[in-house]
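Survey of secondary and tertiary structure
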Amino acid sequence: MIRLYNSRTLKIEDFKSIKPGEVNMYVCGPTVYNHAHIGNARPIIVFDTLRRVFEAEGYKVKFVSNYTDVDDKIIKKALEENVSEKDITSRYIKAYEKVREDLNTIKLDAAPKVTETMDQIIEFIDILVKNKNAYEIDGDVYFRVKSIDNYGQISNQNLDELQAGARIEENDKKESPFDFALWKKTADGIKWDSPWGKGRPGWHTECVVMIEDNFHGMIDIHGGGVDLKFPHHENEVAQNMAVHHNHIANYWIHNAMLNLNGGKMSKSLGNISWAQDVIDKLGSSLVRWFMLSVHYRKELNFSDEAIETAKKELDKVLMTLKNAMIKLQLNDYSGDDFDEESYRSFLDQMDDDLNTPNAYTVIYDTIKKLNASLRNKEINFKEVGKYTNSVDKMLKVLGIKYEKVKLNQDDKDLFKSWNDAKGIKDFEKADLFRQKLIERGLL
RNA sequence: GGUUCCUUGGCCAAGUGGUAAGGCAUCAGACUGCAACUCUGUGAUCGCCAGUUCAAAUCUGGCAGGAACCUCCA
């Protein structure tokens, strides 16, 4: 049984899919006006891992995540560079796709774009206007929050308590300060024709429409960063309630933010770390191992020290696997059965609201047993093989990729020569062979 | 002001009613031709105060400190 913390109910709940054996999930994607920073990598990794857990438990998963390719920031950037919006968005979508790929994520089943969903978005807004859930003023269209009676159900916000204009200047054209834009009349940049004149859609409608488009009804899981909970997800639900009379998804999953050296990453502080740079420097496996070393609902601090520790941990795991695989190959053992007990308890931890820190302890535990097994004078290769394959399967669920040693005849001869030299206590010769093995990365 | 959440050994981090997992680091051993790897052992009463309970890190209240969100930042 998979259990997940549902941020709509604020409780850990038993997961029950709408269709038996199938999971439909949607995660809000990025606005593509710039490269992905390391914080953006967290939801990518978390939800990819969640997908892998479902698949490991036998579910068929459909995972959709969008690209917001219409936005003020994109228009601004296009004007600055004197190129088209499309030039900007295709550049960053491409970069984003590379980050996803380099992070060893399973390919999305669909990655819809706003520009390619425009007809449906306009149609959807039109329905809201006709149903009096939205109203037009001077070419802008706003959602009438008071037209539905349970606004705030996702974020537990109460309209009376919300502080209007806490961060943004109030717009006195709107009926209520909490009404949000569905369509904006625009002077600059790319625009589309609509029943309300030329303009572009607001941000909150696209996800609702894309979910409808891709899944044709309620989905199991809707994910994203906690920063999207309010107002974005709240507004998605509001629109969906108005048209489809349901709250879109049964389970709302939000990952916590990532901090850089204890503080927030921001352009004004000039401390942005780009995801691609980090991946290029550390490798995808270390990035994933680090990101999953802390529970996804807890803030995670990205620092040199934390990376250093994560690297030691991962190296230890991979080193042990390497040693085991070499031992197995030197003895021509190639069984593919795995230790079911350890793999099961690993999955149990993953099933428990993606408790990756506890899942890691299962890995450490299995690695310890594997090492102990390798230390025996008389090695039980079947046992070594089982533990090795079990850990290998665990790492697959985490999306950790690593190179598996494959010994050729020369390598095997080298090991034999080394051992023979040691056998006759010719340590000078032995050290020579050892040096060669080290150079080949086999020790 | 509102909402949600966090505070566990030097660092990281699980546990959320029955008397503190794990990792990194430290120190001490073992193994080894030497080294690396590996193995064993090594420390906390859980921000503070009060309450509920046979029993609390875990529930309730208060206090202190911190975080995110409150109209487009994952």
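Anyway, here's the lowdown on the structure attached to this text. Keep in mind the model is a prediction, meaning the values are calculated, not measured.

**Let's talk about the overall build of chain A**
The secondary structure content of chain A amounts to 14 helices and 12 strands. Projected onto its principal axes, the C-alpha coordinates of chain A cover approximately 95 × 50 × 35 Å. For chain A, contacts bridging at least 24 residues in sequence account for 78% of all contacts bridging at least 6. On chain A, roughly 21900 Å² of surface is accessible, and the fraction owed to carbon and sulfur atoms is 47%. In chain A, 64 positive and 72 negative side-chain charges are present, and the distance between their average locations comes to 4 Å.

**Quick look at the layout of surface pockets**
A water-sized probe, rolled over the atoms, reveals where empty space remains. Here the second largest pocket is characterised by a volume of approximately 500 Å³. Of the residues forming the lining of the second largest pocket, the biggest block, 5 residues, is contributed by helix α13 (residues 409–423). Partitioned by chemical class, the residues of the lining of the second largest pocket number 9 nonpolar, 5 polar and 5 charged.

**Quick word on helix α2 (residues 72–81)**
Buried residues of α2: Ile74, Ile75, Lys77 and Ala78, and no others. Down the axis of α2, the smallest arc covering the buried residues is 165°, so these residues share one side. Residues Lys76, Leu79 and Glu80 are exposed on α2 and point more than 90 degrees away from its buried face. Buried residues belonging to α2 abut α3 (85–102) and β8 (199–201). Where α2 begins, the capping side chain belongs to Asp71, and its oxygen is found 2.7 Å from the backbone nitrogen of Lys73.

**Here's the deal with the environment of Ile272**
Structurally, the position occupied by Ile272 is in the loop between β11 (258–260) and α7 (275–282). On the basis of relative accessible area, Ile272 is assigned to the partly exposed category, the value being 23%. Considering only alpha carbons, one finds Ile272 and Gly39, 233 residues apart in sequence, at a separation of 9.1 Å.

**Some details on the protein's contact with RNA strand B**
Near RNA strand B lie 58 residues; those nearest to it are Lys73, Pro177, Gly225, Glu299 and Asn358. Each atom of RNA strand B within 4 Å of the protein was assigned to sugar, phosphate or base; sugar and phosphate come to 61%. Contact between RNA strand B and Asp431: a base nitrogen at 2.9 Å from a side-chain N or O atom of the residue. The set of elements that each furnish at least two residues to the surface near RNA strand B consists of β7 (180–185), β9 (219–225), α6 (229–244), α9 (304–330), α11 (356–375) and α14 (427–439).

**Overview of the side chain of Arg100**
Among the secondary structure elements, Arg100 is positioned in helix α3. Asp48 provides the closest opposite charge to the buried, salt-bridge-free Arg100, at an N-O distance of 6.8 Å. The contacts of Arg100, once residues within four sequence positions are left out, are Ile44, Ser65, Tyr67, Thr105 and Leu108.

**Overview of the pairing of β9**
The buried count for β9 comes to 7 of 7 residues, which makes it a mostly enclosed element. Pairing of strand β3 (residues 22–27) with β9 involves 3 bridges; the strand directions are parallel. Of the residues in β9, the one forming a bridge with Val27 is Gly223.

**Comments concerning the environment of Val391**
Relative to the helices and strands, Val391 is located in helix α12 (residues 381–398). What makes Val391 buried here is its relative accessible area of 0%. Each C-alpha atom, one on Val391 and one on Glu212, is 39 Å from the other, the two residues being 179 residues apart in sequence. The residues contacting Val391, other than those within four sequence positions of it, are Val317, Leu321, Ile363, Thr366 and Ile367.

**Re the packing of aromatic side chains**
Given two aromatic rings, their pairing is described by the distance between the two centres and the angle made by the two planes. Under the criterion given, the structure shown has 14 aromatic pairs. Relative to Tyr59, the ring of Phe54 lies with its centre 5.3 Å away and its plane at 85°, an arrangement referred to as edge-to-face. Both rings, one in Tyr151 and one in Phe230, keep their centres 6.4 Å apart while their planes meet at 70°; by these two values the pair is edge-to-face. Residue Tyr151 is located in the loop between β6 (140–143) and β7, and its partner Phe230 is located in helix α6; the two are separated by 79 residues in the primary sequence. Classification of Phe230 by relative accessible area gives partly exposed; the value is 27%. Among the aromatic side chains, those forming a connected cluster through ring pairs are Phe15, Phe54, Tyr59 and Tyr251. Over the ring of Tyr5 we find Arg297, and its NZ or CZ is 4.0 Å from the ring centre.

**Focus: the pattern of salt bridges**
Following the criterion strictly, the structure yields 27 salt bridges and no others. Among the ionic pairs, Asp126 bridges to Lys130, the shortest N-O distance being 2.7 Å. Placement of both Asp126 and Lys130 in helix α4 (residues 118–130) is noted, with a separation of 4 residues, approximately one turn of the helix. Residue Lys130 is classed as exposed on the basis of its relative accessible area, which comes to 60%.

Conventions used here
- Residues numbered from 1 in each chain as written.
- Chains lettered and ligands numbered in written order.
- Predicted model: local features only at pLDDT ≥ 70, side-chain atom pairs only at ≥ 80, totals over all residues.
- Heavy atoms only, no water.
- Helix = DSSP H or I, 4+ residues; strand = E, 2+ residues; numbered from the N terminus.
- Contact = heavy atoms within 4.5 Å.
- Areas by Shrake-Rupley, 256 points an atom, 1.4 Å probe, with all protein chains shown as cover.
- Lys, Arg positive; Asp, Glu negative; His and termini not counted.
- Charge placed at Lys NZ, Arg CZ, Asp CG, Glu CD.
- 1 Å grid on protein atoms, 1.4 Å probe; cavity = no way out; pocket = protein on both sides within 12 Å on 5 of 7 lines; lining within 4 Å.
- Points joined across faces, edges and corners; volume = space filled by probe spheres on them.
- Nonpolar A, V, L, I, M, F, W, Y, C, P; charged D, E, K, R; others polar.
- Buried < 20%, exposed > 50% of the residue type's maximum accessible area, 1.4 Å probe, protein only.
- Arc of directions from axis to C-beta.
- Polar contact = N/O pair within 3.5 Å; in protein donor to acceptor, adjacent residues only side chain to side chain.
- Near = heavy atom within 4 Å.
- Salt bridge = Lys/Arg side-chain N within 4 Å of Asp/Glu carboxyl O.
- Pairing = 2+ DSSP bridges.
- Phe/Tyr/Trp six-rings, centres within 6.5 Å; stacked < 30°, edge-to-face > 60°.
- Lys NZ or Arg CZ within 6 Å of the ring centre and 35° of its normal.

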